[in-house]
Amino acid sequence: MFSNARILVVDSSAESRDVLCTLLERLGAETIETTRTRHASGLVQQTQPNVVVLDAEDEFAPSAEAIADLGRAACRSSTPIVVLGTQKRHLSPLTTGHFVSKPYQYATLIRRIEEVLGNRA
Amino acid sequence: MLWQPETSFPLIYGDRSKVASLFVIQGRDQGTRFQLEESVHTVGRTQNNSVRLHDTEVSRAHAELLRRGDCYVLRDLKSSNGTYVNGRPATEHELVSGDQLQFGKSLLLYTGFVEEAGENVADKVDIVPRAGSDDGSRIVAALSHHDGSDWSLSDENSSSNPWLARARSNLQIMYRTALAISHTMDIDQLLARIMDMIFEWVDADRGCIMLKDIEKNKLVPKVRRHRRGVRTEEKITISKTILDYVVERNEGVLTSNARDDERWDPAQSIVKLGVREAICVPMQGRYDVVGVIYIDTSTTPQRMLMNQGTVNQFNEEHLRLMIAIAHQAALAVEDTSYYKALVQAERLAAVGQTIASLSHHIKNILQGVRGGSYLIELGLGDHDRMSHTEEANEEAAAKAVDTIRKGWGIVERNQERISTLVMDMLTFSKEREPEPVPANLNDIGAEVVELMQARAEEIEVQLTWQPADNMPIMSFDPEALHRALLNVVTNAIDACDDVENGQVTVSSEFDEAGKVARLTVADNGLGITPDDLEAIFNIFISRKGGRGTGLGLPVSRKIMEEHGGQILLESQPGEGSTFTLELPASPQQAEEEPAQPASQSMPSSDVQLDAQPDLSSH
């Protein structure tokens, strides 16, 4: 499922990105990374990823506008978003996202990404 | 701009004065504070309400608060038990600061937004350098605060005018009552003081103050007093009828059990206990009666006989005075109740904030540990699979080891993070004395810079160290100073994240004239806004998003102050900041004196545990 998949990872923590990208690449996926949510919407348009993984409890507290921009960009290209961290799902501007609560087990996260990729296929 | 932060550690979480709030001052949620920031807030007992009250007498959707400009309007949503504002039923009410809202058994205090000044008063008042220099005014009388409160000084008018004398006396009583209760924020102390004042001014034998317990809906005695010589084991019996009358009608009463019958026969009264007079007055606060004050006195049969009839020790003037005192007391009781509720709310908010902040940081660290351990698990799995195959694959083996190593590095870093968090918490929470030893500040600076070099390179920030040549050996706690400097340097590097050509320079300086040593950390990062200059030294306030624990700078300041030093801060938004850790210099004399050889240390048998050491020899 991960072969030839392109995954955009949006997370300001270098450590978290490192772990997730290492795991995804082991499974054959291509990863693109960015530290800032505000850059993510542009990257979605440019690189057309198969799925976006977004840390919603980002250290730099992305603005609602940045999240909304990302949501719109993902919607236009029908790119699913896996949202990490937020407990208050009904408050998330990304109402169509797939949510994984923090702290998560990486095996669980990988399975969720796999499901999303599977559904898309 | 050189700015020196204050030494106190106020727990301030932003500018609360600009947010309307509801404080629960009675009820199961007592102490809870609800900030009113939205245009609509609902009040009810279910969790979908923004103001949720755990009160069975509150309806699911009890009321709502609607923002209109700079105030909120309270609207009852046809609740079962109604909504009350300041004791009166309300269906719709525009709230002002100080309003008490009652939902079920819960009583809430509303504080509104800060009122904007209607005019710039500063423009209308002029302070001139010297009074009297222009218009000829001079000081003709001056009185201290103490003298100003003394109304007992006689003057020629009072001696010939009894009314005036009484008025002065009453005024003095009121003034002293107001003074006496103005400084007390503890209810029990306040009530005791009020009782003392009453006994000072009124010839009562016994007295008590009862406060309303809203939950139990009855008056509860709080303070009891007996004049010396009066039997204290005797219970003070108060008629419920009188109490109900006083509370319901909000009227003070003077009662006497003496017969008004003109045919009263003193001879017959000898076998009776005498006459008891009593005054019972309501404590009327701003909105409601908060309690009652009761005093009584008894006239013995002997005294009655001596005075040939009824002796009225209490009269209407006493009653008026007591009503006035009771009103003052009620206002003070209300203030202490609100203060208590506010303090409780502050404490709960602080505890809540602390728990939330710590949970957030620990959760992030846990996530890091999970990530690192998962990589180690994967790497070990790869290694195990290879060991079961016949062909050795060096590349795969190296990859497996790399994965394990990467994972271990992550686990190790997060171990360090949790250790730092715990140590900062301990350092901040404990009053600890530094353990000074002879040490060199330059060593501390070099260690910290070396430790942070990897982090700086990771985010492409240039970190440099410029030690002073003349730094002497000083006496300080090296571990503590290391922590203090590390926190400041970490912040400086983080401030340069995302800044082009980010630079952090750590330097040391020894000021021989001022006898002060300094460690300076200068960065060209984002800078700090004037509003945040003091706030960043408050715990759990971090401007680093979720990354900062909010403990670093408060801990650093605490450490410097424990050493008799301080932290100074200069900053320009957009240009950068300079933190200076100042340490009073006491160049260690140990450098000049030879160390004692170990064989000369005093054996324990020579130590006299029960004698004071002779310090004069040192």
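Bear in mind the structure is a predicted one, so any value in this text is a computation, not a measurement. (Residues numbered from 1 in each chain as written. Chains lettered and ligands numbered in written order. Predicted model: local features only at pLDDT ≥ 70, side-chain atom pairs only at ≥ 80, totals over all residues.)

**Student:** Even after reading the chapter, I still don't get the overall build of chain A, so can you show me in this structure?
**Tutor:** Counting its regular elements, chain A contains four helices and five strands. A total of 121 residues make up chain A; the buried ones form 39% of that total. Relative to all contacts within chain A whose residues are 6 or more apart in sequence, the contacts with residues 24 or more apart total 66%. (Helix = DSSP H or I, 4+ residues; strand = E, 2+ residues; numbered from the N terminus. Buried ≥ 20, exposed ≤ 12 C-beta atoms within 10 Å, placed from the backbone. Contact = placed C-beta atoms within 7 Å.)

**Student:** Is there a simple way to explain the nonpolar core in this structure?
**Tutor:** One broad rule of soluble globular proteins: the nonpolar side chains tend to lie buried together. Residue and element names in this part refer to chain B. Within the largest apolar cluster, 38 residues are counted, with the highest numbers of intra-cluster contacts made by Leu485, Val489, Ile493, Val504 and Leu581. Broken down by element, this core gets its largest block of residues, 10 residues, from helix α11 (residues 478-495). Ile493 has contacts with Met452, Arg455, Ala456, Val461, Leu463 and Val504, leaving out every residue within four places of it along the chain. (Core = buried A, V, L, I, M, F, W, Y, C linked by C-beta atoms within 7 Å.)

**Student:** Explain the sheet that holds strand β7 (residues 83-85) of chain B here, please?
**Tutor:** Adjacent strands of a sheet form backbone hydrogen bonds with each other and so pair up, either parallel or antiparallel. Residues and elements named next belong to chain B. The sheet built from six strands is open, its strands ordered β2-β1-β11-β10-β7-β8 with antiparallel pairing. Each edge of the open sheet carries a strand with a single partner, namely β2 (33-36) and β8 (88-89). Across five bridges, strand β1 (residues 20-26) lies against strand β11 (residues 106-111) in antiparallel orientation. Residue pairing in the sheet places Ser21 in a bridge with Thr111 of β11. (Pairing = 2+ DSSP bridges.)

**Student:** How do you make sense of the sheet that holds strand β4 (residues 81-85) of chain A when you look at a structure like this?
**Tutor:** Residue and element names in this part refer to chain A. Within the open sheet, the five strands sit side by side as β2-β1-β3-β4-β5. Their pairing is parallel. Only two strands of the sheet have a single neighbouring strand rather than two, namely β2 (30-34) and β5 (98-101). Within the sheet, the average angular offset between the axes of one strand and its neighbour, ignoring direction, is 20°. Direction of pairing for strand β1 (residues 6-10) relative to strand β3 (residues 51-55): parallel, over a ladder of four bridges. Of the residues in β3, the one forming a bridge with Ile7 is Val51. Most of the contacts of helix α1 (residues 14-26) go to β2, to which it runs at about 165°, and overall it touches β1, β2 and β3. (Axes fitted to C-alpha atoms, helices over the stretch in contact; angles between N-to-C directions.)

**Student:** Whenever I open this one, the pairing of strand β3 (residues 40-44) of chain B confuses me. Can you help?
**Tutor:** Looking along a regular strand, one sees side chains alternate from face to face of the sheet. Residues and elements named next belong to chain B. Relative to strand β5 (residues 63-68), β3 is paired through four bridges, and the arrangement is antiparallel. The partner of His41 across the bridge, within β5, is Leu65. Across two bridges, the pairing between β3 and strand β4 (residues 51-52) is parallel. Residue pairing for β4: Val43 is matched across the bridge by Val51.

**Student:** Can you walk me through the confidence of the model for chain A in this structure?
**Tutor:** In regions of low pLDDT, the predicted coordinates are not meant to be interpreted in detail. Mean pLDDT over chain A works out to 83, with 84% of the residues at or above the 70 mark. Per-element mean pLDDT across chain A ranges from 83 in helix α3 (residues 64-76) of chain A up to 94 in β1(A). (pLDDT = per-residue confidence, 0-100.)

**Student:** Can you walk me through unusual backbone geometry in this structure?
**Tutor:** The peptide bond linking Lys102(A) to Pro103(A) adopts the cis configuration, its omega dihedral lying at -10°. Take Pro103(A): it is sitting in the loop between β5 and α4 (106-120). If you check the backbone angles, Lys78(B) has positive phi at about 55° while not being a glycine. Assignment of secondary structure puts Lys78(B) in the loop between β6 (71-76) and β7. Here the phi dihedral of Asn250(B) falls at roughly 60°; this positive angle occurs in a residue that is not glycine. When you line up the elements, Asn250(B) lands in the loop between α5 (240-249) and β14 (253-256).

**Student:** Would you take a moment to explain the packing of helix α9 (residues 394-429) of chain B against helix α13 (residues 552-562) of chain B for this structure?
**Tutor:** Helix packing for two helices is described by the angle between their axes and how far apart those axes are. All names here are of chain B. Running from amino to carboxyl end, α9 crosses α13 at an angle of 45°, the nearest separation of the two axes being 9 Å. What the angle tells us is that α9 and α13 run oblique. Viewed along their axes, α9 and α13 form a crossing whose handedness is left-handed. Facing α9, whose interface residues are Asp424, Thr427 and Phe428, α13 presents Gly552, Pro554, Val555, Lys558 and Ile559. For the contact of α9 with α13, the per-class residue count stands at four nonpolar, two polar and two charged. (Parallel < 35°, antiparallel > 145°, perpendicular 65-115°, else oblique. Left-handed = near helix turned anticlockwise from the far one by under 90°. Nonpolar A, V, L, I, M, F, W, Y, C, P; charged D, E, K, R; others polar.)

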